[in-house]
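Read off the chains here:
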Amino acid sequence: MSQPASASRRRPVVISGPSGVGKGTLCQKLLEAHPEALSTTVSHTTRKPRPGEVEGETYYFVSKEKFESLVASRSFVEYAAFNDNFYGTSKQTIIDQTTKGSTIILDIEMEGVKQLKQELSKKNSQINPRFVFIKPPSLETLEVRLRGRGTEDEGSIQRRLAQARAEIAYAESGVHDRIIVNQDVEEAFKQLEDFIFDKT
Ligand code: 5GP
């Protein structure tokens, strides 16, 4: 399938937004619709797999000790603690996906976004992404979605909601290239697609 050529086409796209906002679904839809043009990184996490998640596809599931040793050996371009677990994007996963020749989609939370922004300000920055924020129509809708997922206990839901407030406030400070409200998944998907392929 031919895609419109443009200077920003090959820049990685960082998709962030509160847990439960539907980022995962949107990323999945993007990859299914554009398997040749897009690919995603596989992050490391210390969180336990949820039902259906696949080692090496959804995440690399590792122990806290292993994660710490990867941090010590500077294996990550960014990493963060989220809801009592660690998550990080390895340099290797960026290399793996870049060599496929596709545009990389990264699904990461706010601290990782901040680190990548800092990295960008360095002279020899290894990565120069564009940043999209997926916003829920309201915090109430987000809470309903998080509960509906049925994978989190009450503490985890409350921590994710508190984190969501912080992420939305950060996005409102104007750091992203695009903010997309996920009111309707098809509409949000179209807006995301248009942004990635520079139609808007
Ligand atoms: P979950 O536990 O729901 O899979 O992910 C929790 C949060 O971690 C999500 O907001 C997701 O975007 C974020 N996340 C996943 N992988 C990474 C990563 O490699 N780095 C960072 N900073 N956040 C990540």
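So, a few notes on the structure that sits alongside this text. (Residues numbered from 1 in each chain as written. Predicted model: local features only at pLDDT ≥ 70, side-chain atom pairs only at ≥ 80, totals over all residues. Heavy atoms only, no water.)

Our next topic: the packing of helix α4 (residues 110-120) against helix α6 (residues 154-172). Between α4 and α6, the least distance of the axes is 10 Å, while the angle of their chain directions is 35 degrees. Mapping the contact onto sequence places M110, V113, K114 and K117 in α4 and Q163, A166, E167 and Y170 in α6. (Axes fitted to C-alpha atoms, helices over the stretch in contact; angles between N-to-C directions. Helix = DSSP H or I, 4+ residues; strand = E, 2+ residues; numbered from the N terminus. Contact = heavy atoms within 4.5 Å.)

Attention now moves to the site of the ligand. Around the ligand sit 16 residues, and of these S43, R47, Y59, Y87 and D107 come closest. The separation between an oxygen atom of the ligand and a polar side-chain atom of Y87 is 2.5 Å. E109 is positioned such that a nitrogen or oxygen atom in its side chain is 2.8 Å from a nitrogen atom of the ligand. Listed by contribution, the elements that provide at least two residues to the shell around the ligand are β5 (76-82) and β6 (85-90). Grouping the amino acids of the shell around the ligand by side-chain chemistry returns five nonpolar, four polar and seven charged. (Near = heavy atom within 4 Å. Polar contact = N/O pair within 3.5 Å; in protein donor to acceptor, adjacent residues only side chain to side chain. Nonpolar A, V, L, I, M, F, W, Y, C, P; charged D, E, K, R; others polar.)

In this structure the tally under the stated criterion is 15 salt bridges. Note that E119 is salt-bridged to K122, the shortest N-O span being 3.2 Å. Where R149 meets E152, a salt bridge forms, and the shortest distance between an N and an O atom there is 3.6 Å. Residue R149 is classed as partly exposed on the basis of its relative accessible area, which comes to 35%. It is possible to trace a salt-bridge network through shared partners that takes in R47, R50, E53, R149, E152 and R160. (Salt bridge = Lys/Arg side-chain N within 4 Å of Asp/Glu carboxyl O. Buried < 20%, exposed > 50% of the residue type's maximum accessible area, 1.4 Å probe, protein only.)

Scanning all chains against the criterion turns up seven aromatic pairs. On the basis of an interplanar angle of 65 degrees and a centroid distance of 5.7 Å, the ring pair of Y59 and F61 is categorised as edge-to-face. Measuring from centroid to centroid gives 6.0 Å for F82 and Y87, while their planes differ by 80 degrees, and the two rings are edge-to-face. By relative accessible area, F82 is classed as buried at 8%. Classification of Y87 by relative accessible area gives buried; the value is 13%. Just above the ring of F189 sits the side chain of K29; from NZ or CZ to the centre is 5.1 Å. A cation sits over an aromatic face here: K114 above Y170, 4.9 Å from the ring centre. (Phe/Tyr/Trp six-rings, centres within 6.5 Å; stacked < 30°, edge-to-face > 60°. Lys NZ or Arg CZ within 6 Å of the ring centre and 35° of its normal.)

Here we take up the nonpolar core. The biggest cluster of nonpolar side chains holds 24 residues, and the ones touching the most others in it are I15, L30, L38, I105, I134, L192 and I196. For this core, the secondary structure elements donating two or more residues are β1 (13-16), α1 (23-33), β8 (130-135), α5 (139-149), α6 and α7 (185-196). Looking at which element gives the most residues to this core, the answer is α7, with five residues. One finds V14, I94, M110 and F131 within the second-largest nonpolar core, a separate group that totals 12 residues. (Core = buried A, V, L, I, M, F, W, Y, C linked by side-chain atoms within 4.5 Å.)

Such coordinate-based values are descriptive only and should not be taken to indicate function.
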